[in-house]
Amino acid sequence: MAVLKKVEQVMMALNGDEAVAWAVKQSNVDVVSAYPITPQTIIVERISEFVNNGEMDAEFIHVESEHSALTAAWGAALAGARAFTATAANGLALMWEILYITASTRVPVVMAVVNRALSAPINIHNDHSDTMGARDSGWIQIYSEDAQEAYDNTIMAFKIAEESLFPVMVTLDGFTISHTLQNVSVLPDDVVSDFVGVRRIPRIKLPRIHGDKEIPLMFNPKYPITFGPLDLYDYYFEHKVQQNEAMKETFPIIERVHKEYGEISGRSYEPVFMVPYRTEDADAIILGLSSTMSVVKKVVDDLRERGKKVGAIRLRVFRPFPADFLRRELSKFHAVGVLDRCISFGGEGGPLFNEVRSALYGLPSRPIVHNYIYGLGGRDLPRSLIVKIYEELLSARAEPEVPVVKYVGVRE
Amino acid sequence: MSTWRPDIKELAKREMQTRPFESGHRLCAGCGAGIIVRQIMMAARKSLVFVNATGCVEVATTIFPYTSWNVPWAHNAFENAAAVGSGIEAGRKKLLRSKRFDGDPDIELDYDVVVLGGDGGTYDIGLQAISGAFERGDKILYVLYDNEAYMNTGIQRSGGTPFGARTTTTPVGSVIKGKVQFKKPIVDIMVAHRIPYAATVSSAYWNDALVKFRKGLEAEGPAFIHAFSTCPLGWGCETAETVKIMKLAVETCVFPLYEVENGRYKLTGPSLAIAKNPDRKKPVEEYLKLQARFRHMFRPENKWMLEKFQEWVDKEWELLLKKSGF
Ligand SMILES: Cc1ncc(C[n+]2csc(CCOP(=O)(O)OP(=O)(O)O)c2C)c(N)n1
């Protein structure tokens, strides 16, 4: 993260959940609907305090389940409001049906997901099995490395969602980020408010009904629209293809919003989709998501001191999947270790590994790609194990036919 | 509002001019639900927006690229229609407060939210979301069109299916004959949320129905209307007999008409007349015999089923009489 310019910001000691709550408070959110689940709970508690103390002018819908939390956010956004919700793990799983519906009706809801392991057995600690399960639902997914980024990402998410008409999921690791106090640079209220503006209502043309007139795309008796109809085999397929094409067109929107945010905050995430760390002349790199990568970077520093040519890449945006960027970035390395904090039962490696390896397959010269599954249910990934991964990658010989998929830190 | 006397000619004229619910939808001939939708729209004073749970009405009226709705309409999923209503109401409230669209000639925010669900979407899978919305006091009118089974998926039993009825999941077998349980007391369950207004409606009595829909729309808080909805396909009845069956359900007290204002039960229309003059109450056979789903109950060996049905109706009616001060 490069600092472009200094703006007046307050340094606040916030944990990741509070950082998200602050971002929501400052982002002119009209409606919040949410249901508590650890480790997300602090987000809705803080927002409730803001609303009840009159510091935030929003309607808070105290729903009776996560299913209704996302549903009500959808309804509010349809009515023209800016809507936010938050959840984790089983709450996200309960929303599964509505994740697809929200994305496919192109309703720009923003949701913070505090990553947590899925039951059973019940476990409240961090892994990525929840959001990885939602990867095909049509949401933009942005993974945060720390509380600062959770704050920044949440603010940017509103703009990205409303400009692209895709719902956006901002993730932060349970406890590691959500409950850990950090110094967070908080922008002045009016700066954030100006940046995100109020909820924009796109205007669309329905030429056969309204001719050239552009009508507001929202629930509005003046210009009625039917949302969520029955769509049979004569149109459904085309609609899905269009949805997929549209999702790919969110890349430039995501980049532009990051650039604009960098200009006001001085914090620019460049490049936006994946952040390289000491990769210039690296032979082996580790690619992964979110807070784990802070530790990986520390290990890179240690190993660099010992003369090892290693680096790291943190993927920030997992959906849409930045395959082109990966191809450009990764082809030059000898070996890439992909970290997955999630199991795909019965599959060949984790979801991130599968996509990375598949993106690289067509390259004339491609790196060796190994998969390391780690940290399930909050299991620690100590530096010593990361060192071992790098050693393995540095000495890896030509890609074997069967992919190498290993569990790191599991008892045998 | 309680003194409103619907002028059917005037309302029909308005409907013909504004056509809020277009003809040409694919609801079956004789389906009660289309009539219910029209009556809600006739009763409205303000603009309406509709939220629909998954089910017959949803699939039959919005087959892309067509729609029957000339009012804003949204369908999200099966079990969460009430939660959509809550979200819309909250969004609308905030937008009004912020005056964001004041002066925008293209946007109107002065509307009432109607949520429409079938018996499956109300008695069963949707109950949680409705209960949540009612507990919060969200101002929506929830209309249950009750065709007494999951019709969209092919006539499976629901918590609203009556005793003895044949459905595809409660077939008339050699051991078990039709549905074993009685209908869930859905209005009582809703009234227990202390909502300001609840009522039952049979579209055959249009005057009664329109007045109740208007009261529901204008209630200060959540309102619930249980609308009886004949289903020729699922019930095995003649399409031309929809109105007759809707009437008989009331005349036999299988589906009494009443309203509950702030917890106070009050019989209305023909049900009030029966309460005052019990001789008018018809035996349940008159209602049951017009529908193939109850045909097996008329076999001599199943006579006990008719008796059991009558017993249940009598008991429920007695309870209702008591609750409404008779
Ligand atoms: C979660 C979920 N489960 C099941 C279904 C399948 N389904 C669609 S409509 C329906 C029945 C609807 O019945 P009801 O609410 O009584 O309305 P009707 O079709 O009779 O008008 C069912 C079971 C669904 N859409 N979603």
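Each remark here, short or long, concerns the structure printed above.
Given the structure is predicted, the values throughout are model-derived calculations rather than measurements. (Residues numbered from 1 in each chain as written. Chains lettered and ligands numbered in written order. Predicted model: local features only at pLDDT ≥ 70, side-chain atom pairs only at ≥ 80, totals over all residues. Heavy atoms only, no water.)

A. Structural context of the overall build of chain B. If you tally the helices and strands in chain B, you get 13 helices and eight strands. Here chain B has a C-alpha radius of gyration of 20 Å; the compact-globule value for 326 residues is 20 Å, and the two agree. Here the C-alpha coordinates of chain B stretch approximately 70 × 45 × 40 Å along the principal axes. Within chain B, buried positions represent 59% of all 326 residues. Sequence-distant contacts, at least 24 apart, represent 70% of the contacts inside chain B between residues at least 6 apart. Total accessible area on chain B is roughly 13,100 Å²; 54% of this is exposed by carbon and sulfur atoms. Treating the 44 positive side-chain charges of chain B as one cloud and the 37 negative ones as another, the clouds have centres 2 Å apart. (Helix = DSSP H or I, 4+ residues; strand = E, 2+ residues; numbered from the N terminus. Rg over C-alpha atoms; globule rule 2.2 N^0.38 Å. Buried < 20%, exposed > 50% of the residue type's maximum accessible area, 1.4 Å probe, protein only. Contact = heavy atoms within 4.5 Å. Areas by Shrake-Rupley, 256 points an atom, 1.4 Å probe, with all protein chains shown as cover. Lys, Arg positive; Asp, Glu negative; His and termini not counted. Charge placed at Lys NZ, Arg CZ, Asp CG, Glu CD.)

B. Focus on helix H11 (residues 269-276) of chain B. Residue and element names in this part refer to chain B. Listed in full, the buried residues belonging to H11 are Ser-271, Ile-274 and Ala-275. The buried side chains of H11 occupy one side of the element, clustering within an arc of 100° when seen end-on. Buried-residue contacts for H11 involve helix H10 (242-251), strand S8 (264-267) and helix H13 (303-323). (Arc of directions from axis to C-beta.)

C. Up close: the pattern of salt bridges. All names here are of chain A. By the definition in use, this model includes 53 salt bridges over all chains. Among the salt bridges present, the one from Glu-145 reaches Lys-297, with a minimum N-O distance of 3.0 Å. Pair noted here: Glu-145 is in the loop between strand S7 (140-143) and helix H7 (147-164) and Lys-297 is in helix H12 (residues 292-305), with a separation of 152 residues, a long-range link. Of the charged contacts in the structure, one is a salt bridge between Arg-316 and Glu-149, with a shortest N-O distance of 2.5 Å. Taken together, the residues span a long stretch of sequence, with Arg-316 in the loop between strand S16 (310-315) and strand S17 (317-319) and Glu-149 in helix H7 at a distance of 167 residues. Taking relative accessible area as the criterion, Glu-149 reaches 1% and is therefore assigned buried. Residues joined in a network through salt bridges with shared partners are Glu-145, Glu-149, Lys-297, Arg-314 and Arg-316. (Salt bridge = Lys/Arg side-chain N within 4 Å of Asp/Glu carboxyl O.)

D. A look at the site of the ligand. Surrounding the ligand, one finds 18 residues, the nearest of these being Cys-56, Gly-120, Gly-121, Tyr-145 and Asn-152 of chain B. Lying at an intersection of chains, the ligand is approached by residues of chains A and B. Interatomic distance of 2.9 Å between a backbone N/O atom of Gly-121 of chain B and an oxygen atom of the ligand. With respect to the ligand, the side chain of Asn-147 of chain B contributes an N or O atom lying 3.0 Å from an oxygen atom. (Near = heavy atom within 4 Å. Polar contact = N/O pair within 3.5 Å; in protein donor to acceptor, adjacent residues only side chain to side chain.)

E. Region of interest: unusual backbone geometry. Cis rather than trans, the peptide bond between Ala-120 of chain A and Pro-121 of chain A has omega equal to -5°. You can see Pro-121 of chain A is positioned in the loop between strand S6 (110-115) and helix H6 (129-133). Phi angles above zero are rare outside glycine, and Glu-148 of chain B is one such case at about 65°. Not every positive phi belongs to a glycine, and Cys-253 of chain B is a case in point at roughly 70°.

F. Structural detail: the environment of Gly-138 of chain A. Residues and elements named next belong to chain A. Within the element layout of this structure, Gly-138 appears in the loop between H6 and S7. Judged by its relative accessible area of 9%, Gly-138 is buried. The sequence separation of Gly-138 and Asp-17 amounts to 121 residues, and the corresponding C-alpha distance is 24 Å. Contacts of Gly-138, omitting those with residues within four sequence positions, involve Ala-103, Phe-166, Pro-167 and Met-247.

G. Structural detail: the interface of chain B and chain A. Listed by partner, the interface residues are 46 residues for chain B and 49 residues for chain A. Summing both sides of the interface, chain B and chain A together bury roughly 3,800 Å²; the carbon and sulfur share of this comes to 59%. Among the residues chain B hides against chain A, the three largest losses belong to Phe-64, Asn-76 and Asp-106 of chain B. Together they make up 18% of the total. Linking chain B with chain A are nine salt bridges. Salt-bridge contacts for Arg-203 of chain A lead to Asp-106 of chain B; the nearest nitrogen and oxygen are separated by 3.0 Å. Counting the contacts that link chain B with chain A gives 23 residue pairs in polar contact (both at pLDDT 80 or more). Going through the elements one at a time, strand S1 (47-52), helix H3 (56-61), strand S2 (73-75), helix H4 (81-98) and helix H6 (127-136) of chain B are the ones with two or more residues in the side of chain B that touches chain A. Ranked by the residues each element gives to the side of chain B that touches chain A, the list is headed by H4 of chain B, at 12 residues. Here the residues of the side of chain B that touches chain A are counted per class, giving 23 nonpolar, 12 polar and 11 charged. Here strand S12 (residues 226-227) of chain A runs beside S2 of chain B; their pairing, made up of two bridges, is parallel. Residue Thr-226 of chain A lies in a different strand from S2 of chain B, and its bridge partner there is Trp-73 of chain B. (Buried area = accessible area lost by both parts, 1.4 Å probe. Nonpolar A, V, L, I, M, F, W, Y, C, P; charged D, E, K, R; others polar. Pairing = 2+ DSSP bridges.)

H. Layout of the pairing of strand S7 (residues 258-261) of chain B. Residues and elements named next belong to chain B. Inspection of the sheet shows strand S5 (residues 197-202) paired to S7 by three bridges, in the antiparallel sense. Bridge pairing links Ala-199 to Glu-259 in S7. Connecting S7 to the next strand, S8, in antiparallel fashion are two residues, including Asn-262 with a positive phi near 45°.

I. Molecular detail of the packing of helix H1 (residues 16-26) of chain A against helix H2 (residues 41-52) of chain A. Residues and elements named next belong to chain A. Across the interface, H1 lies against H2 with an axial gap of 8 Å and an inter-helix angle of 40°. The pairing of H1 with H2 is recorded here as oblique in orientation. As H1 packs across H2, the resulting crossing turns out to be right-handed. Here H1 contributes Asp-17, Glu-18, Val-20, Ala-21, Trp-22, Val-24 and Lys-25 to the contact with H2, which in turn contributes Thr-41, Ile-42, Ile-43, Arg-46, Ile-47 and Phe-50. Here the contact of H1 with H2 is built from residues that sort into eight nonpolar, one polar and four charged. (Axes fitted to C-alpha atoms, helices over the stretch in contact; angles between N-to-C directions. Parallel < 35°, antiparallel > 145°, perpendicular 65-115°, else oblique. Left-handed = near helix turned anticlockwise from the far one by under 90°.)

J. How the structure looks around the nonpolar core. Leu-99 of chain A together with Phe-134, Phe-224, Tyr-287 and Phe-309 of chain B are the most contacted members of the largest nonpolar core, which has 107 residues in total. Residues in contact with Phe-224 of chain B, not counting those within four places in the same chain, are Thr-122, Phe-134, Leu-141, Tyr-142, Leu-144, Ile-186, Val-187, Met-190, Ile-195, Tyr-197, Ala-198 and Ala-199 of chain B. If you look at the next biggest cluster of nonpolar residues, it comprises 85 residues, including Ala-88, Val-114, Val-257 and Ala-359 of chain A. (Core = buried A, V, L, I, M, F, W, Y, C linked by side-chain atoms within 4.5 Å.)

K. Region of the structure containing the sheet that holds strand S3 (residues 31-33) of chain A. Taken together, seven strands build an open sheet; the order of strands is S4-S3-S5-S6-S8-S7-S17 (chain A) and the sheet is mixed. At either end of the open sheet lies a strand with only one pairing partner, and these are strand S4 (59-61) and S17 of chain A. Pairwise comparison of adjacent strand axes, ignoring direction, gives a mean angle of 20° for this sheet. H2 of chain A rests against S3, S4, strand S5 (83-87) and S6 of chain A of the sheet, and its axis sits at about 140° to S4 of chain A. Contacting S3 and S4 of chain A, H4 of chain B runs over the sheet at an angle of about 170° to S4 of chain A.

L. Examining a nonpolar patch on the surface more closely. On the surface, a cluster of nonpolar side chains totalling about 310 Å² of accessible area is made up of Val-175, Ile-176 and Val-180 of chain B. Position of Ile-176 of chain B relative to the elements: it lies in the loop between strand S4 (141-146) and helix H7 (186-191). (Patch = residues over 30% accessible without salt bridge, like charges linked within 9 Å, V, L, I, M, F, W, Y side chains within 5 Å.)

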